[in-house]
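Okay, here's what each chain looks like letter by letter:
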Amino acid sequence: YSYDDLMGQPHNLIRHPDMPPEAFKDIWATVGRRRPWSGIVKNRRANGDYYWVEANVTPILDHGKPVGYMSLRFLPTREQVAAGDRHGGSQW
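Read on for a plain summary of the structure. Sequence positions are assigned chain by chain, starting from 1 and proceeding in written order. Reporting of local features is limited, given that this is a predicted model, to residues whose pLDDT is at least 70; pairs of side-chain atoms are given and counted only at 80 or more, and all residues count toward the totals for whole chains, interfaces and linings. Only hydrogens and water are set aside when side-chain values are computed; all heavy atoms of the structure are taken into account.

1. Points about the overall build of the chain
Along the chain, the regular secondary structure elements total 3 helices and 4 strands. Under the DSSP-based scheme used, a helix requires at least four consecutive residues in state H or I and a strand at least two consecutive residues in state E, with every element numbered from the N terminus. Taken from the N to the C terminus, the helices and strands of the chain come in the order α-α-β-β-β-α-β. Across its three principal directions, the C-alpha atoms of the chain cover 40 × 30 × 20 Å. Classification of residues uses two cut-offs on accessible area relative to the type maximum, computed with a 1.4 Å probe and protein chains only: under 20% is buried, over 50% is exposed, and between them is partly exposed. Taking all 92 residues of the chain together, 28% fall into the buried category. Note on contacts: a residue pair qualifies if any of its non-hydrogen atoms lie within 4.5 Å across the two residues. Within the chain, contacts between residues separated by at least 24 positions form 40% of all contacts whose residues are at least 6 apart in sequence. Surface accessibility follows the Shrake-Rupley procedure with a 1.4 Å probe radius. Residue values consider only the protein chains on display as shielding. Carbon and sulfur atoms form 53% of the exposed surface of the chain, whose accessible area is close to 6300 Å².

Structure (structure tokens):
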């Protein structure tokens, strides 16, 4: 995706259709409880292909209240990708 493709768009633009909606419900429920979340996620490329990431999402708190989140992505291992494929698009 280009910068212009992504700016102002919802995060789900890059969600791959193989990812179960429950995975994203779990991410936001966990972060909403002020807890970090980690898992293997399949994302969609602009051309329709996909790529896997090890996603880490951590809430940012100000005086105990969530004001945002930090999201770090890493290259997953081959074993993690294989497990994600076996679980229909995610290993969360």
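2. A look at the environment of Pro 20
Within the secondary structure layout, Pro 20 lies in the loop between α1 (3–6) and α2 (21–32). Given the relative accessible area of 18%, Pro 20 is considered buried. A sequence separation of 11 residues divides Pro 20 from Gln 9, and the C-alpha atoms of the two residues are 20 Å apart.

3. Here we look at the nonpolar core
Across soluble globular proteins, you tend to see nonpolar side chains buried next to one another. Grouped together as the largest cluster of nonpolar side chains are 10 residues: Met 19, Ala 23, Phe 24, Ile 27, Val 31, Trp 37, Val 41, Val 53, Ala 55 and Val 57. Where this core is concerned, the elements lending two or more residues are α2, β1 (37–44) and β2 (50–62). The element that contributes the greatest number of residues to this core is α2, accounting for 4 residues. Those residues within four positions of Val 31 in sequence are excluded, and the remaining contacts are Trp 37, Val 57, Pro 59 and Tyr 69. Grouping buried Ala, Val, Leu, Ile, Met, Phe, Trp, Tyr and Cys residues that are joined through side-chain atoms within 4.5 Å yields what is termed a nonpolar core.

4. A look at the packing of aromatic side chains
Two rings from Phe, Tyr or Trp (for Trp, the six-membered ring) form a pair when their centres sit within 6.5 Å of each other. Planes less than 30 degrees apart are called stacked, planes more than 60 degrees apart edge-to-face, and all others tilted. A full pass over the atoms with the stated rule returns 1 aromatic pair. When the ring of Trp 28 is compared with that of Tyr 69, the centres are 5.1 Å apart and the planes differ by 70°; the resulting orientation is edge-to-face. A residue pair is termed long-range when its members are at least 10 positions apart, and Trp 28 in helix α2 and Tyr 69 in strand β3 (residues 65–74) qualify at 41 residues. What makes Tyr 69 partly exposed here is its relative accessible area of 40%. Looking at Arg 15, its charged tip hangs above the ring of Phe 24, at a distance of 4.1 Å from the centre. Sitting over the face of the ring of Tyr 50, Lys 42 holds its NZ or CZ atom 4.1 Å from the ring centroid. Here, a charge over a ring means that NZ of Lys or CZ of Arg falls within 6 Å of the ring centre while also lying within 35 degrees of the ring normal.

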